[in-house]
Amino acid sequence: MSKEVIEKAPAKINLSLDVLHKREDGFHELEMVMTSIDLADHLTLKSLPEDKIVIQSNNGFLPLDQRNHAYKAALLVKETFGIQLGVEMLIKKKIPIAAGLAGGSSDAAATLRGLNQLWKLGLSLDELAVLGAQVGSDVPYCVYGGTAFATGRGEKIERLSDIPQCWVVLVKPKKGISTGTVFSALSYESLQHPATRSMVSAIENQDYLKMTQLTGNALEETSIIRQPAIEKIKQKMLLFGADTALMSGSGPTIFALCHKYSRAQRVYNGLKGFCNEVYLVRTLK
Ligand code: C5P
């Protein structure tokens, strides 16, 4: 049995996010296109002989108990496969928390991949994704990573080609937003519906220009009402020359896409003076 496994847990951005309707189970039917970016947490997993789950992190704001998606994933694996061993996890957090970047979901997915290796479970990614759906709607996507079209409550995944490589500038406003709060505040009559399926075609055609014209997020308006800074940051990004700028997930993080590095640097430097948490990264293959 291998003693230690290290897993990378990349963040995602939503190039398109549409809300179709509210379902009877309380979740919302979605159509989304997501892609992984080179901003990642790192998880180190060690098997323990005792039956316990221990999480440590460099980030003092991260819950280390059942509220943590990685904890939930480890518990689910133990219960599903009747594993009496325990696990010690060190989560080196780089992805902002409650930011719309699926940091918690990606940690859960990395836990599933890591335990699959550590405990030699022999599960396929598809099987891990089915397990992941019990932890959270974004976890199945995070099991695969890359670029994908997601439907259902976000758990049905169709993998797409990588998007044309570009630079991503991210700005995380200080206050986080809870996904549940944003969904429950949605006003359906005024929802903006982005052309998510056209985004899928633009990616299949590797048409970067079209992609930047099609970015859209049905949750953006509701989150802007709660945090007007989102709109201000978006406008600043466009002013500094971003090819497009959009809120990711339920926010509050806003991302800008830039084909040219010099342009991305200008957006990064321009926003750095305005906000504390600004990142410049690449998309991930
Ligand atoms: O699945 P997850 O735990 O990540 O979802 C967090 C919350 O976001 C849910 O409790 C629900 O309120 C909302 N949500 C939703 N529709 C989805 C995904 C999430 O209403 N498709």
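Per-chain numbering applies: the sequence of each chain, read as written, is numbered from 1 onward. Local features are withheld for residues below a pLDDT of 70 in this predicted model, meaning they are given only at 70 or higher, and side-chain atom pairs are given and counted only at 80 or more; totals for whole chains, interfaces and linings count all residues. Heavy atoms throughout the structure, all of them, feed into the side-chain values; hydrogens and water do not.

### Concerning the domain arrangement of the chain
Per the annotation, domain bounds derive from an automatic or database assignment of domains. Its domain assignment divides the chain into domain 1 (4-160) and domain 2 (167-282). Averaged C-alpha coordinates put domain 1 and domain 2 at centres separated by 23 Å. In this description, contact between two residues means that some pair of their heavy atoms is separated by no more than 4.5 Å. Tallying the contact residues gives 27 residues for domain 1 and 38 residues for domain 2. Here the quantity called buried area is the total loss of accessible area, with a 1.4 Å probe, experienced by two parts when brought into contact, counted for both. Regarding the contact of domain 1 and domain 2, the summed buried area is about 2,400 Å², with carbon and sulfur atoms giving 66% of it.

### Some points on the sheet that holds strand S10 (residues 254-258)
If DSSP finds at least two bridges between two strands, the strands pair. Only runs of H or I of at least four residues qualify as helices and only runs of E of at least two qualify as strands under DSSP, and these elements are numbered from the N terminus. Ordered by their spatial adjacency, four strands build an open sheet running S9-S10-S7-S11, and the pairing between neighbours is antiparallel. Each edge of the open sheet is held by one strand with a lone partner, namely strand S9 (244-247) and strand S11 (277-282). Within the sheet, the average angular offset between the axes of one strand and its neighbour, ignoring direction, is 20°. Taken together, the six bridges between strand S7 (residues 167-172) and S11 define a ladder with antiparallel strand orientation. The residue of S11 that forms the bridge with Leu 170 is Tyr 279. Sheet strands in contact with helix H10 (residues 261-272) are S7, S10 and S11, and its direction is about 170° off that of S11. Throughout, an axis means a line fitted to C-alpha atoms (over the contacting stretch in the case of helices), and angles, computed between N-to-C directions, take values from 0 to 180 degrees.

### Considerations on helix H6 (residues 196-204)
Among the residues of H6, those classed as buried are Thr 196, Met 199, Val 200, Ala 202 and Ile 203. Axial view of H6: buried residues confined to an arc of 160°, hence all on one face. On its buried face, H6 is in contact with strand S1 (4-22), strand S2 (28-48), strand S5 (147-151), strand S6 (156-160) and helix H7 (208-214). Of the residues one or two after H6, Gln 206 is the one with positive phi, at around 55°. Throughout, exposure labels follow a simple rule: accessible area from a 1.4 Å probe, protein chains only, divided by the maximum for the residue type, with under 20% read as buried, over 50% as exposed, and the rest as partly exposed. An arc is given here, and it is the one of the directions from the helix axis to the C-beta atoms.

### Examining the packing of aromatic side chains
For Phe, Tyr and Trp, where Trp contributes only its six-membered ring, two rings pair if their centres lie within 6.5 Å, and the inter-plane angle classes them as stacked under 30 degrees, edge-to-face over 60, or tilted in between. Per the counting criterion, the structure on display carries one aromatic pair. Two conditions define a charge located above a ring, namely a distance within 6 Å from the ring centre to NZ of Lys or CZ of Arg, and an angle within 35 degrees of the ring normal. The ring centre of Phe 274 lies 4.5 Å from the NZ or CZ of Lys 236, which sits over that ring. Over the aromatic face of Trp 167 sits the side chain of Arg 282, whose NZ or CZ is 4.2 Å from the ring centroid.

### Some points on the side chain of Glu 31
As for its placement among the helices and strands, Glu 31 is situated in strand S2. A polar contact of 2.7 Å, which involves the side chain of Glu 31, links it to the side chain of Arg 197. Those residues within four positions of Glu 31 in sequence are excluded, and the remaining contacts are Ser 16, Leu 17, Asp 18, Leu 20, Phe 149, Ala 150, Thr 151, Thr 196 and Arg 197. By the criterion applied in these results, polar contacts are pairs of N or O atoms within 3.5 Å in which, for protein atoms, one can donate a hydrogen and the other can accept it, and in which residues neighboring in sequence qualify only through two side-chain atoms.

### A few points about the nonpolar core
What we call a nonpolar core is a set of buried Ala, Val, Leu, Ile, Met, Phe, Trp, Tyr and Cys residues that are connected through their side-chain atoms within 4.5 Å. Membership of the largest hydrophobic core comes to 67 residues, with the highest contact counts inside it found for Val 19, Val 87, Met 89, Leu 115, Leu 219, Met 237 and Val 267. Looking at this core, you find at least three residues from each of domain 1 (4-160) and domain 2 (167-282). Sequence-distant contacts of Val 87, defined by excluding residues within four places in its chain, comprise Leu 45, Lys 46, Leu 48, Lys 52, Ile 53, Val 54, Ala 74, Leu 115, Leu 118 and Trp 119. By size, the runner-up hydrophobic cluster in this structure holds 27 residues, among which are Val 168, Val 200, Tyr 208 and Leu 246.

### A closer look at the site of the ligand
Neighbouring residues are identified by heavy atoms, a residue being near a molecule or strand if any of them is within 4 Å of it. The environment of the ligand is made up of Gly 26, Phe 27, His 28, Leu 30, Gly 136, Ser 137, Arg 153, Thr 179, Gly 180 and Phe 183. For the ligand, an oxygen atom lies 2.7 Å from a polar atom in the side chain of His 28. Between a nitrogen atom of the ligand and a main-chain N or O atom of Arg 153, the distance comes to 3.0 Å. Here the Shrake-Rupley method, with its probe set to 1.4 Å, supplies the accessible areas, and only the displayed protein chains count as covering residues. In isolation the ligand exposes 450 Å². Once the protein is present, 71% of that is buried. Structurally, the ligand is housed in the largest pocket. Of all the secondary-structure elements, those providing two or more residues to the shell around the ligand are S2 and helix H5 (179-184). The element contributing the most residues to the shell around the ligand is H5, with three residues. A cavity here means a set of 1 Å grid points, computed over protein atoms only, where a 1.4 Å probe fits but cannot escape. A pocket is an open set with protein on both sides within 12 Å along at least 5 of 7 lines, and lining residues have an atom within 4 Å of a point. For a cavity or pocket, the test is whether more than half of a molecule's atoms lie within 2 Å of its grid points; if they do, the molecule sits there.

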